[in-house]
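# Descriptive structure summary
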Amino acid sequence: MTVPSLKHLYYVIVDVDKIQEFIFESSSLKHIVGASVLIAYLTSREFCLENNILNGSDKVEDIEDLTGSKWLEIYFGGGNLKLLFAGKETAMDFLRAYQLRFYRELESASFTSIIYEIDITDVDRFEKRLDDAEKELTRLKLGKQKSVNNFANPVFEICPFCKKRCLETNEKFKIYDQDDGVKKSACKECREKERAQRDGALKMLYKDTLLGTFFNRFREQEYPARGKLMKELNDVRKGEGSFLGIVTIDGNRFGEKLRSHINEQIKNEAPGNKVNRYIKRLHEFSQEIGEKTVVALLETFKKLNYNKKILFRPIIIGGDDICFVMDGRLVLPFTEHLLKVLEKQFSHYGLTFAAGISIVKPHFPFFVAHRLSEALLKNVKRIDREYSGLDFEVVFSSTVENLDQMRKTKYEYSLAKQTYVTTFRPYFIESEYKAAKINDTLAYRFLKPTLGMALGIENRNLLARNKIKQLRSLVRKGETVSGYDFRLMIGRMSGEDRENIRKRLANIYKTRDMIWIKDGNTLYNNFIDIAELNEFYSEINLNKEAKGQGGSNGLDGR
C-alpha cells in the first residue's frame, strides 16, 4: 500500500448534545427507552446511509482509495459518528443533509459537529491530529449555551412527564399515563420519545444498532421460549418493597489503552502504511467492542440463568459505555458478573471497567438516580482504575446530597483522634486475570461473606433482622466497645451459627475479637453496607427468584 495521492483528508465528527440529560429527564421508563431508541437510530449506519450524500458517493475500506467524493467509516452509534472524507465540500454537504434529516426526525435534541483538516503525509503527527479534533469538539460543546427557563404558572403549564418544558394542549400531544390510567397532555419532546418507543423508530432500530442487536439475540438465540424481558415498569411498581437499580458502566483509561495497543501493532509498519493501518484498526476496534459488549450482556444472563422474567432494559450500549435499568434486588450480583465477563472479553487489551449503581424506589426520579450512578462511577475511577470495581448507594429518602458529603455524613466519624469509616465502598472485583491485593484495595470479596451473615446459608438467616439493624449503631461506638458488643451478640447464638460466622469473617481476615480492618490511620468496617442491603435483599428469596447454575443464588459468584 502507498500513501494516498491526496495530502489532506477531512475528519467529520458528530456528537449529540447532553445525551444523558435528554434520555433520563423523564420520570417514565417508556420515555427513557424511546429517547435511547431515537439517539441510537439517528447515529446509526443505516440512518446515515439514507443520507443522499453518502448514497451518492462510494464507501472505501482503505485511506489510499479516498479520492473525489469518497468516504471512509470509522464509527457509528451511541450518539456519535466519525467519518473521513476526501473532499471538504463533500464533508460539508454531508453535514447539511444530515442536519436536515436529524431535525426532521427529532426537534427536541441537538448535536455538535466538526470538520477537521488532517495532513496525512505527516505520519508522526497523525494520531495527535485525531486527538486535536476531539478536543476541539469538546471545546465547541462546552461553549454552547442551550437552556430555556419555563415557569410553572397558570399561563405556562409544565409537562407532567419531564417536568421541564411547556406542555402542548393540542389533542394529538396527549400521552397515556400508566400510573394514572388516563391520557395527559405532554410537550412535543415527550411525545416524540413516546412515539419512538411505540412504533416506527423502534422497528428500524433493530436493523443496525447495538441495542437492536442485543434485543434480537436475546430473544432468538439465548431465550427462544421463556426469557422475554419485562417491558413495563409497572411490573415492578405493583410489588411493595420493590427497588430499581440504575447502572452506569464505563471502561478505565479506554482511549489511552486503545491507542497504545494500536501503536504497538503498527510500530513495524512502513511509514507509508502506518496511517492506513491505524484508521483500519480504529474502525475494526469500534466494531469489536460493540460486538463484545453485547456478548458480555448475553453471557451474564446465561451464567446467572434466571428462571423467571425480570425487569431489564438496556438504555445505552455504545462502545465501553453501558447503562441499564433492572430489578434492584438482582442488580449487584448481575453487575459483578458483567464486569468480570467484560474484563475477560477485553483481557488482551488489559481493560478494566467501573460501575456506578444507584438503588432507588420505582417512583424516584430517573434523572436524579442516573446522575447519582454517574457520581458513583466517578468515585470508583477516582480511587483505583487498575481493577474493575463497583460502587452503590441505596436511596431511601427523596433527596440526594452531593455524594462526597453524603458519604462523610453517613459513614465517617472520629473518636479519640481515630478515624472510623463504616463502609468499604467502592468494592473492587477480583477476576481470573487480576486479583486485587489486600493492601492495595478493598475487594468485592469482602462484601460477600459479611452479607452472607445476613442472608444466611440455605435460606436461613444467621443474623436476625433486628440484629442486622443493631450493626448500624454497633459500629459507631469505637473499636473497643463495638468489638465487645459484637462478641456479645454472637455469643448468644447456637454453636453451629457461631462457627458459620467465624468462617465467613475469616474469609475477610476478621475475627469476632477484631471486626475492624486498619489502613493507615483509618479503621474500616462494612457492617452498615450489610444493614442497607438487607433492607431490600431480605424481602425476597433469591434462591427461588434467580437460581444460578450449580445452585448459586448469584451472590456468591459460584
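This text goes with the structure placed above it.
A quick note: this is a predicted structure, and the numbers were derived from the prediction, not measured.

Counting its secondary structure elements, the protein contains 21 helices and 17 strands. Burial statistics for the protein: of 558 residues in total, 54% are counted as buried. Carbon together with sulfur atoms contributes 47% to the accessible area of the protein, which is approximately 25,100 Å² in total.

Moving on: unusual backbone geometry. Here the amide bond leading from Arg425 into Pro426 is cis, since omega sits at -5°, within 30 degrees of zero. Here the phi dihedral of Lys18 falls at roughly 45°; this positive angle occurs in a residue that is not glycine. Its location among the elements puts Lys18 in the loop between strand 1 (8-16) and helix 1 (19-24). Of the residues examined, Lys18 reaches a relative accessible area of 47% and is grouped as partly exposed. Of note in the backbone geometry, Arg253 takes a positive phi value of approximately 50° without being a glycine.

Burial analysis of strand 4 (residues 80-85) places six of its six residues in the buried class, the great majority of the element. Here strand 4 shows a buried face lined by Asn80, Lys82 and Leu84 and a second buried face lined by Leu81, Leu83 and Phe85. When strand 1 meets strand 4, the two strands line up antiparallel, connected through six bridges. Looking across to strand 4, one finds that Tyr10 is bridged to Phe85. Direction of pairing for strand 3 (residues 71-77) relative to strand 4: antiparallel, over a ladder of six bridges. In the strand pairing of strand 4, Phe76 is matched with Leu81. Counted along the chain from strand 3 to the antiparallel partner strand 4, the turn is two residues long, and its residue Gly78 has a positive phi close to 65°.

Here we take up the nonpolar core. Counting residues in each nonpolar core, the largest one holds 76 residues, and the members touching the most others are Phe214, Ile249 and Phe334. Here this core takes 12 residues from helix 12 (residues 271-304), the largest share from any one element. Grouped together as the second largest cluster of nonpolar side chains are 50 residues, Ile39, Val360, Phe364 and Leu376 included.

Glancing now at the sheet that holds strand 8 (residues 244-251). Pairing is mixed in the open sheet, where six strands are placed in the order 9-10-8-11-12-15. Of all the strands in the sheet, just strand 9 (312-318) and strand 15 (427-428) have a single pairing partner and so form its edges. Pairing of strand 9 with strand 10 (residues 321-327), which is carried by six bridges, proceeds in the antiparallel orientation. Across the sheet, Phe312 pairs through a bridge with Met326, a residue of strand 10. Relative to the sheet, helix 14 (residues 366-383) contacts strand 8, strand 10, strand 11 (353-360), strand 12 (389-394) and strand 15, its axis offset from that of strand 11 by approximately 145°.

All right, on to the packing of aromatic side chains then. Counting across every chain of the model gives 27 aromatic pairs. Ring centres 5.8 Å apart and planes at 45° place the aromatic pair Phe346 and Phe353 in the tilted group. The exposure classification of Phe346 matches that of Phe353, with both residues buried. Positioned above the aromatic ring of Phe243, the side-chain terminus of Lys361 is 4.5 Å from the ring centre.

Attention shifts here to the sheet that holds strand 5 (residues 111-119). The mixed open sheet is built from five strands, whose spatial order is 2-3-4-1-5. The sheet terminates laterally at strand 2 (59-60) and strand 5, the two strands that pair on one side only. Bridge analysis of strand 2 against strand 3 gives two bridges, and the strand direction is parallel. Bridging from a neighbouring strand, Val60 pairs with Leu72 of strand 3. Against the sheet, helix 6 (residues 126-143) touches strand 1, strand 4 and strand 5, its axis set at about 155° to strand 5.

Let's shift gears to the environment of Ile175. Looking at where Ile175 falls in the secondary structure, it is placed in strand 6 (residues 174-177). The buried category is assigned to Ile175, whose relative accessible area is 1%. As for Ile175 and Ala186, which are separated by 11 residues in sequence, their C-alpha atoms are 6.5 Å apart. In this view, Ile175 contacts Lys30, His31, Phe161, Val182, Lys183, Lys184, Ala186, Cys190, Arg191 and Glu194; residues no more than four positions away in its chain are not counted.

Packing of helix 14 against helix 15 (residues 403-411) brings their axes to within 10 Å, and their N-to-C directions diverge by 80°. As far as their axial angle goes, helix 15 and helix 14 are roughly perpendicular. Here Leu372, Ala375, Leu376, Asn379 and Arg382 of helix 14 come into contact with helix 15, specifically with Leu403, Asp404, Met406 and Arg407.

We now examine helix 6. Between its first and last C-alpha atoms helix 6 spans 26 Å; for 18 residues at 1.5 Å apiece the expected length is 26 Å, and the two agree. Looking at helix 6, one finds that the buried residues are Phe126, Glu127, Leu130, Asp132, Ala133 and Leu137.

Let us look at the side chain of His283. Mapped onto the secondary structure, His283 falls in helix 12. Engagement of the side chain of His283 in a polar contact is seen with the backbone oxygen of Glu73, the distance being 3.4 Å. With residues near it in sequence (within four places) discarded, His283 still touches Glu73 and Ile74.

Let us now look at the pattern of salt bridges. Where charged atoms from two side chains of opposite charge come close, those side chains can pair. For the coordinates displayed, the defined rule picks out 31 salt bridges. Between Lys408 and Glu412 there is a salt bridge, with the nearest N and O atoms lying 3.6 Å from each other. According to the relative accessible area criterion, Glu412 is partly exposed, its value standing at 32%. Salt-bridge contacts for Arg425 lead to Glu532; the nearest nitrogen and oxygen are separated by 3.2 Å. Here the residue Arg425 occupies a position in the loop between strand 14 (418-421) and strand 15, and Glu532 occupies one in helix 20 (residues 527-537), the gap between them amounting to 107 residues.

Scoring rules and cut-offs
- Residues numbered from 1 in each chain as written.
- Predicted model: local features only at pLDDT ≥ 70, side-chain atom pairs only at ≥ 80, totals over all residues.
- Heavy atoms only, no water.
- Helix = DSSP H or I, 4+ residues; strand = E, 2+ residues; numbered from the N terminus.
- Buried < 20%, exposed > 50% of the residue type's maximum accessible area, 1.4 Å probe, protein only.
- Areas by Shrake-Rupley, 256 points an atom, 1.4 Å probe, with all protein chains shown as cover.
- Pairing = 2+ DSSP bridges.
- Core = buried A, V, L, I, M, F, W, Y, C linked by side-chain atoms within 4.5 Å.
- Contact = heavy atoms within 4.5 Å.
- Axes fitted to C-alpha atoms, helices over the stretch in contact; angles between N-to-C directions.
- Phe/Tyr/Trp six-rings, centres within 6.5 Å; stacked < 30°, edge-to-face > 60°.
- Lys NZ or Arg CZ within 6 Å of the ring centre and 35° of its normal.
- Parallel < 35°, antiparallel > 145°, perpendicular 65-115°, else oblique.
- Expected span 1.5 Å × (residues − 1).
- Polar contact = N/O pair within 3.5 Å; in protein donor to acceptor, adjacent residues only side chain to side chain.
- Salt bridge = Lys/Arg side-chain N within 4 Å of Asp/Glu carboxyl O.

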